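Each chain is listed here by its residues.
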Amino acid sequence: MDGVSFGEFDVISGLAGIGAYLLFRRKDPIAAMVLESALHSLVSLASDTGRRRPRWWTPAHLLGDEEMAALYPHGNLNCGLAHRIPGPLGARPLVG
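Every residue gets a number counted from 1 within its own chain, in the order that chain's sequence is written. Side-chain atom pairs in this predicted model are given and counted only at pLDDT of 80 or more, local residue features only at pLDDT of at least 70, and totals for whole chains, interfaces and linings cover all residues. Based on all heavy atoms of the structure, the side-chain values leave hydrogens and waters out of the count.

Caption draft 1: Representation of the overall build of the protein in the model. Secondary structure counts use DSSP, requiring at least four H or I residues in a row for a helix and at least two E residues in a row for a strand, with both numbered from the N terminus. Scanning the protein for helices and strands turns up 3 helices and 0 strands. Traced from its N-terminal end to its C-terminal end, the protein shows the element sequence α-α-α. Per-residue accessibility, obtained with a 1.4 Å probe over protein chains only, is compared with the maximum for each type, and a residue is labelled buried under 20%, exposed over 50%, and partly exposed between these values. Residues classed as buried in the protein amount to 31% of the 96 residues present. Residue pairs at least 24 apart in sequence account for 55% of intrachain contacts in the protein once pairs closer than 6 positions are excluded. Carbon and sulfur atoms form 61% of the exposed surface of the protein, whose accessible area is close to 6,200 Å². In this analysis, two residues are considered to be in contact whenever any of their non-hydrogen atoms come within 4.5 Å of each other. Working definition of accessibility: Shrake-Rupley area with a 1.4 Å probe, residue cover restricted to the visible protein chains.

Caption draft 2: Looking closely at helix 2 (residues 29–46). Residue count minus one, scaled by 1.5 Å, sets the expected span of a helix. With 18 residues, helix 2 extends 26 Å between its outermost C-alpha atoms, agreeing within 8% with the 26 Å of an ideal straight helix rising 1.5 Å per residue. Restricting attention to buried positions, one finds in helix 2 the residues Ala31, Leu35, Ala38, Leu42 and Leu45. The buried residues of helix 2 occupy one face: seen down the axis, they fall within an arc of 85°. Of the residues in helix 2, the exposed ones pointing more than 90 degrees away from the buried face are Pro29, Met33, Glu36, His40 and Val43. For helix 2, the elements touching its buried residues are helix 1 (15–23). An arc is given here, and it is the one of the directions from the helix axis to the C-beta atoms.

Caption draft 3: Layout of the environment of leucine 35. Turning to its location among the elements, leucine 35 is positioned in helix 2. Taking the C-alpha atoms as reference points, leucine 35 and isoleucine 18, separated by 17 residues in sequence, lie 8.3 Å from one another. If near-sequence neighbours (up to four positions away) are discounted, leucine 35 is found in contact with Gly19, Leu22, Leu23 and Arg26.

Caption draft 4: Representation of the packing of helix 1 against helix 2 in the model. Between the N-to-C directions of two axes lies an angle of 0 to 180 degrees, each axis being a line fitted to C-alpha atoms and, for a helix, fitted only over the stretch in contact. At a minimum axis distance of 9 Å, the contact between helix 1 and helix 2 shows a crossing angle of 145°. Here helix 1 and helix 2 pass one another in a crossing that is left-handed. Contacts from Leu15, Ala16, Gly19, Leu22 and Leu23 of helix 1 reach helix 2 at Ala31, Val34, Leu35, Ala38, Ser41 and Leu42. Classifying every residue of the contact of helix 1 with helix 2 gives 9 nonpolar, 2 polar and no charged. In this scheme, a crossing is called left-handed if the near helix is turned counterclockwise away from the far one by less than a right angle; it is called right-handed if the turn is clockwise. Think of it as three bins: nonpolar holds Ala, Val, Leu, Ile, Met, Phe, Trp, Tyr, Cys and Pro, charged holds Asp, Glu, Lys and Arg, and polar takes everything else, Gly as well.

Caption draft 5: Inspection of the side chain of serine 5 at higher detail. With respect to the helices, strands and loops of the structure, serine 5 is situated in the segment before helix 1. Setting aside anything within four residues of it in sequence, one finds serine 5 in contact with Thr58 and Leu62.

Caption draft 6: Geometry of the confidence of the model for the protein. Every residue is assigned a pLDDT by the predictor, reflecting its confidence on a scale from 0 to 100. On average, the protein scores 81 in pLDDT, and the residues at 70 or more come to 82%. The weakest mean pLDDT in the protein belongs to helix 1 at 86; the strongest belongs to helix 3 (residues 66–71) at 93.

Here's what the structure looks like:
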């Protein structure tokens, strides 16, 4: 299937937020291993595939509710920080 739901990679509830959490625990070997996998997944999601749509495109049926699906019947490429593709930028430590 093409596209992903808005919550799969965002900084609030998705993989970017999990990555940020793991960055604070990266000295733990298990956390470091999971972090590496999460970061690889985020890079893969953002990678150019030569497809018609980016991998992070959200189809209408995955937008969360009928109102959003009606507003964006062809899906959405939202670029907001919290819930869309810039979210992985939040997967970094906030302090040293």
